[in-house]
Amino acid sequence: MLDVAVVILNWNGLFLLQKFIPILLKYNSYGYHIYIVDNGSTDDSIDWICDNYSDEIQVVVLSENFGFAKGYNEGLKQIDADYYILLNSDVAVSENWCEPLINFLQNNHDYAVVQPKILSYKNPDYFEYAGAAGGYIDKWGYPFCRGRIFNKIEKDEGQYDDIVDIFWASGACFVVRAEVFKKLNGFDDRFFAHMEEIDLCWRIWRNGYKVAAVPLSAVYHLGGASLDYNDPRKLFLNIRNNHLMLYKNLTSDIFKKISHVRHMIEYLMLFFYFCTGKISNAKAILSAYKDFNDLKKYYKPANEASILKLLYPRSILVDYYLKNKKKFSKLKWKI
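One structure accompanies this document, and this report is about it.

Contact geometry for helix α7 (residues 232-249) and helix α8 (residues 252-275): axes closest at 11 Å, N-to-C directions at 170 degrees. Taken together, α7 and α8 sit at an angle that is classed as roughly antiparallel. For the pair formed by α7 and α8, the contact residues are L235, I239, N242, H243, L246 and Y247 on the first element and F255, I258, R262, E266, M269 and Y273 on the second. Taken together, the residues of the contact of α7 with α8 sort by class into 8 nonpolar, 2 polar and 2 charged.

This is the structure we're talking about:
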């Protein structure tokens, strides 16, 4: 059998490990190896793993909290495998969840990344915010999913059970060929957390590989375990990293056109937050712009933009708010 490493990045996640590790072990029909990469935790999570699962789980201890992107990059340098399954610590897997993912990659060598169907742990009949049945972005760089557009989350009725190409796979359960991950230098360390999986998938597409959703596999994501969905820090990271991602993966002329539109939209957001007293959110947007301007000197725009055909060709904001297209199935375009 192929060497598959399920790798969980942990930071002070004792409660989550106690809840979800037994499920991961129970449904290990594939025989994957389990690793915990610890991001400088100060709780008893690693002691608990060593005391209870020293024979089943290997631990990689990092010196500090490097965030999602660099944390995985540093941890995976110490793990040899054919495939990495990067699994959030707040995900419950299901019976035979691993086999469809690895089998698809084995039978389709032009694909480098896949994700399962991601459902809500709290409401299992519904998709989960972070990934649902596969991710896309629109012409202005805004991400959305099959089964989730903005905060509208669809019920899973089998409508997205087909295997399809997607623009990006969720970091909640991100299955990647180890050789491709290493070839592309993994996630972008500077992102810290949020959007790093979209950026990596974009680079994967640009390098001639593909990304797919394989809904024959299903996992259940608790969500919001690291940062609450309404946290200003999350808003800061999402806006800053989204701009960095666009800057490095688009040609300079296309980025300029997109950034003009993005500035108008985000200044409206800024005005709204000030008027509604959400000052922390407004400051997060300003900080995101400042950080982006400081960091973009480390990057060069792309030389070509052929991957644009995979972007949703219209504005998801317009379709959602003005045309009332709240479900992915209402969006019609040739992928």
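So, about helix α1 (residues 14-26). An ideal rise of 1.5 Å per residue puts 18 Å on 13 residues; α1 measures up with 19 Å between its terminal C-alpha atoms. Within α1, the axis deviates most sharply at F20, by approximately 30 degrees, and proline P22 lies no more than four positions further along. Of all the residues in α1, the buried ones are L16, L17, F20, I21 and L24. On its buried side, α1 packs onto β1 (4-10), β2 (33-39), α2 (45-53), β3 (57-62), β4 (83-87) and β5 (91-92).

All right, on to the pairing of strand β6 (residues 111-120) then. With 10 of 10 residues buried, β6 lies mostly within the body of the structure. With 8 bridges connecting them, β6 and strand β13 (residues 210-221) associate as parallel partners. Bridged to Y111 within β13 is K210. Relative to strand β12 (residues 173-177), β6 runs antiparallel, the two sharing 2 bridges. Bridge pairing in β12 links V114 to V175.

This part is about the packing of aromatic side chains. Each aromatic ring pair is described using two quantities: the centre-to-centre distance and the angle formed by the ring planes. Using the criterion set out here, one finds 29 aromatic pairs in the structure. Between the aromatic rings of Y267 and Y289, the centroid separation amounts to 5.9 Å while the plane-to-plane angle is 35 degrees, which identifies the pairing as tilted. With Y267 in helix α8 and Y289 in helix α9 (residues 279-295), the pair connects residues that are 22 residues apart, well separated along the chain. Put simply, the rings of F127, Y136, F144, Y160, Y312, F328 and W333 pair up and form one aromatic cluster. A cation over a ring is seen here: R262 above Y142, with NZ or CZ 4.1 Å from the ring centre. The ring of Y320 carries the charged tip of K326 above its face, separated from the ring centre by 3.9 Å.

Residues F274, I279 and L286 make up a contiguous nonpolar surface patch of roughly 250 Å² in combined accessible area. Turning to its location among the elements, I279 is positioned in helix α9. Using a relative accessible area of 33% as the deciding quantity, one classes I279 as partly exposed.

The N-to-C vectors of α1 and α2 enclose an angle of 30 degrees; their axes lie 10 Å apart at closest approach. Between α1 and α2, the angle is such that the two are roughly parallel. Like other packed secondary-structure pairs, α1 and α2 cross with a definite hand, here right-handed. When α1 is examined against α2, the residues L14, L17, Q18, I21, P22 and L25 are found in contact with a partner set consisting of S45, W48, I49 and Y53. Partitioned by chemical class, the residues of the contact of α1 with α2 number 8 nonpolar, 2 polar and no charged.

Across the 5 residues of β12, 5 count as buried, placing the element largely inside the fold. Of the two faces of β12, both are covered, the one formed by C173, V175 and R177 as well as the one formed by F174 and V176. Sheet topology note: the β4/β12 ladder contains 5 bridges and is antiparallel. If you follow L87 over to β12, its bridge partner there is C173.

Conventions we followed
Numbers given to residues run from 1 along each chain, matching the order in which its sequence is written. For this predicted model, a pLDDT threshold of at least 70 governs which residues receive local features, and a threshold of 80 or more governs which side-chain atom pairs are given and counted, while totals over whole chains, interfaces and linings are taken from all residues. Only heavy atoms go into the side-chain values, all of them from the structure, while hydrogens and water stay out. Axis definition: a line fitted to C-alpha atoms, over the contacting stretch in the case of helices. Angles run 0 to 180 degrees between N-to-C directions. Only DSSP runs of H or I reaching four residues or more are called helices, and only runs of E reaching two or more are called strands; each is numbered from the N terminus. The labels follow the angle: roughly parallel below 35 degrees, roughly antiparallel above 145, roughly perpendicular from 65 to 115, and oblique for the rest. Whether two residues are in contact is decided by their heavy atoms, any of which lying within 4.5 Å being enough. Each residue gets one of three labels, nonpolar for Ala, Val, Leu, Ile, Met, Phe, Trp, Tyr, Cys and Pro, charged for Asp, Glu, Lys and Arg, and polar for the others, Gly among them. To estimate how far a helix should reach, multiply one less than its number of residues by 1.5 Å. Here the bend at a residue is taken as the angle between two axes, fitted respectively to the seven residues that end there and the seven that start there. Relative accessibility under 20% of the residue-type maximum defines a buried residue, over 50% an exposed one, and the middle range a partly exposed one, all with a 1.4 Å probe and only protein chains included. In this analysis, strands are considered paired if DSSP registers two or more bridges between them. Only Phe, Tyr and Trp rings take part, Trp by its six-membered ring, and two of them pair if their centres are within 6.5 Å. Stacked means planes under 30 degrees apart, edge-to-face means over 60, and tilted covers everything else. We count a charge as sitting over a ring when the NZ of a lysine or the CZ of an arginine lies within 6 Å of the ring centre and within 35 degrees of the ring normal. Only residues whose relative accessible area exceeds 30% and that form no salt bridge enter a patch; like-charged residues are grouped when within 9 Å of one another, and nonpolar side chains (Val, Leu, Ile, Met, Phe, Trp, Tyr) when within 5 Å. Throughout, the Shrake-Rupley method with a 1.4 Å probe supplies accessible areas, and for residues the shown protein chains are the sole cover considered. By definition here, a salt bridge exists when the distance from a side-chain nitrogen of Lys or Arg to a carboxyl oxygen of Asp or Glu is within 4 Å. When the near helix sits turned anticlockwise from the far one by under a right angle, the crossing is termed left-handed; a clockwise turn instead gives a right-handed crossing.

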